[in-house]
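Fold and geometry: a report
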Amino acid sequence: MSRLIRAIIDTHALRANLETVRQRAPGTHVMAVVKANAYGHGLVPTALALADADAFAVARLEEGLSLRAAGIDRPIVLLEGVLTREQLLEAARHGFDLVVHDPLQVELLEGFSNAHRFVLWVKIDTGMNRLGFRPTEFPQAFERLQKLRPAPLEIRLMTHLARADAPDGTMTRQQIARFVNLTRHLVCATSIANSAAVLIGAGIQCEWVRPGLALYGVSPFADRTGPDFNLQPVMTLEASVIATRRVPQGETVGYDGIWKAERDSTIAIVTAGYGDGLPRNLPNGTPVLIGGRRAPLVGRVSMDMIAVDVTDLPPVHVGMSVTLWGKDLPVEEIARHAGTIPYELLCGVSQRVPHELR
Ligand SMILES: *Cc1c(COP(=O)(O)O)cnc(C)c1O
């Protein structure tokens, strides 16, 4: 039975994108970022498809636990680290690698009487002003971590870029320069690059890169799409036509009457709404694909449905499948219509949407 809505996940594309990232950052280790349910693609199936990655990165402990429960034994990095003793114990028990970004976490490690030796990623704030030690605080934090007993298995150094997707690379160059200045005399593995940096070749001299979005086949740059970088979109969000109707000229469609038929029109009702993760602010004219042809969304996005003007298409029937984004309809383009970024659309696909692996 064809479902009313589904997110089709192309696992071959995931693997191909990992390969493309490796080609763009040759000789580096790839930490595949699978936080936020693998950007809406399904945490465990995505990690299983990317089993060749050198490590996985998640934001939170619970995400790491889900990966271990699924039998994934690769290194798993907790990007936000841990905040309590209980979490630290769990992290030790499951062999997670920890980002250390705050003096409180250093203290926690100093007070931890446990034989486990962690891999620690010390995060330096080079301008993002979110997480990490400021350049002035970093040397002291680093020294304290070096004195931990038992000694950490390894101390590595990282920073995160605030504007790697910006056409003007000034800030990225500044951040990289700050990081290199602070770390070049230290014998530690390092990591700077997110997807945008990998794709522009910034920070790929480090031992590790940390791509997320690129692995899902999507471009972080507003004016480009994944295929421009030889990346293949992994998720195709597909719904179905549940009804069609004639709407006479002059009548409106949907809540609030924000779209009025300028001519006698044929409208298809499609089974996707904000309850599935479509933004309610998608405007009139946002494209969908029906039978391989583009047609514009008309009227408000409802919880479970949208309306599409199919007047100019060959006959549309109940049961036909409709692509909201994915192959042949870039999520980057839909994000522009919604006034957001593809990250938010992908992460926003809601729990009731089943994933189908291909
Ligand atoms: C989310 C995240 C990434 C991945 O970013 P993309 O833009 O999706 O490649 C890398 N590093 C850190 C610290 C992150 O939080």
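Below is a short write-up of the structure. All figures in this text were calculated on a predicted structure; none of them were measured in a lab. (Residues numbered from 1 in each chain as written. Predicted model: local features only at pLDDT ≥ 70, side-chain atom pairs only at ≥ 80, totals over all residues. Heavy atoms only, no water.)

Once that is clear, we can look at the side chain of Arg210. Position of Arg210 among the secondary structure elements: in the loop between β9 (208-209) and β10 (235-247). Reaching out from Arg210, the side chain makes a polar contact with the backbone oxygen of Ile192 at a distance of 3.5 Å. Among residues more than four places away in sequence, those in contact with Arg210 are Met31, Val33, Met158, Thr159, His160, Ser191, Ile192, Ala193, Asn194 and Ser195. (Helix = DSSP H or I, 4+ residues; strand = E, 2+ residues; numbered from the N terminus. Polar contact = N/O pair within 3.5 Å; in protein donor to acceptor, adjacent residues only side chain to side chain. Contact = heavy atoms within 4.5 Å.)

Before going further, it helps to spend a moment on the layout of surface pockets. Taken as a whole, the largest pocket holds about 1100 Å³ of empty space. Elements with a minimum of two residues in the lining of the largest pocket: α2 (35-39), α9 (195-200), α10 (331-338) and α11 (342-347). Sorting the residues of the lining of the second largest pocket by element identifies β10, β11 (252-253), β13 (265-270) and β16 (306-309) as the ones contributing at least two each. The class makeup of the residues in the lining of the second largest pocket is 9 nonpolar, 3 polar and 2 charged. (1 Å grid on protein atoms, 1.4 Å probe; cavity = no way out; pocket = protein on both sides within 12 Å on 5 of 7 lines; lining within 4 Å. Points joined across faces, edges and corners; volume = space filled by probe spheres on them. Nonpolar A, V, L, I, M, F, W, Y, C, P; charged D, E, K, R; others polar.)

What follows is about the site of the ligand. As a matter of local geometry, the ligand sits amid 14 residues, with Lys35, Tyr39, Ser195, Gly212 and Tyr343 nearest to it. Between Arg210 and the ligand, the recorded distance is 2.9 Å, taken from a side-chain N or O atom to a nitrogen atom. A distance of 2.8 Å separates an oxygen atom of the ligand from a polar atom in the backbone of Leu213. More than half of the atoms belonging to the ligand lie within 2 Å of the grid points that define the largest pocket. Class assignment for the residues of the shell around the ligand results in 6 nonpolar, 4 polar and 4 charged. (Near = heavy atom within 4 Å. Sits in = over half its atoms within 2 Å of the grid points.)

Once that is clear, we can look at the environment of Thr84. By the element assignment, Thr84 lies in the loop between β4 (76-78) and α5 (85-93). Overall, Thr84 belongs to the partly exposed group, its relative accessible area being 30%. Along the primary structure Thr84 and Leu104 are separated by 20 residues, whereas in three dimensions their C-alpha atoms are 9.4 Å apart. Side-chain polar atoms of Thr84 contact the backbone nitrogen of Gln87, separated by 3.2 Å. (Buried < 20%, exposed > 50% of the residue type's maximum accessible area, 1.4 Å probe, protein only.)

Time to look at the environment of His116. Note that His116 resides in the loop between α6 (103-110) and β6 (119-123). Exposure remark for His116: the relative accessible area of 26% places this residue in the partly exposed category. Residues His116 and His29, 87 residues apart in the sequence, show an inter-C-alpha distance of 24 Å.

With that out of the way, let us pick up the side chain of Thr28. The topology assignment puts Thr28 in the loop between α1 (11-24) and β2 (29-33). Judged by its relative accessible area of 9%, Thr28 is buried. Non-local contacts of Thr28, meaning those with residues more than four positions away in its chain, are made with Arg22, Asp54, Ile204, Cys206, Glu207 and Val209.

Neither face of strand β3 (residues 55-58) is left uncovered, since the one carrying Ala55 and Ala57 and the one carrying Phe56 and Val58 both have all their residues buried. With 3 bridges connecting them, β2 and β3 associate as parallel partners. Its bridge partner being in β3, Val33 is matched across the sheet by Ala57. Bridge analysis of β3 against β4 gives 3 bridges, and the strand direction is parallel. Residue pairing in the sheet places Val58 in a bridge with Leu78 of β4. The parallel pair β3 and β4, bridged by helix α4 (residues 61-69), forms a crossover whose chirality is right-handed. (Pairing = 2+ DSSP bridges. Right-handed = clockwise from strand over helix to strand, strands pointing away.)

Next up on the list: the pairing of strand β1 (residues 5-9). Of all 5 residues making up β1, 5 are buried, and the element is well covered by its neighbours. Here β1 shows a buried face lined by Ile5, Ala7 and Ile9 and a second buried face lined by Arg6 and Ile8. Sheet analysis places β1 next to β10, joined by 5 bridges and oriented antiparallel. The partner of Ala7 across the bridge, within β10, is Leu237.

Our next topic: the packing of aromatic side chains. Given two aromatic rings, their pairing is described by the distance between the two centres and the angle made by the two planes. Throughout the structure, instances matching the rule amount to 6 aromatic pairs. Taken together, a centroid distance of 5.8 Å and an interplanar angle of 85° make the contact between Trp121 and Trp208 edge-to-face. One end of the pair, Trp121, is in strand β6; the other, Trp208, is in strand β9, with 87 residues separating them in the sequence. These aromatic residues form a ring-pair network of at least three members: Tyr39, Tyr216 and Tyr343. (Phe/Tyr/Trp six-rings, centres within 6.5 Å; stacked < 30°, edge-to-face > 60°.)

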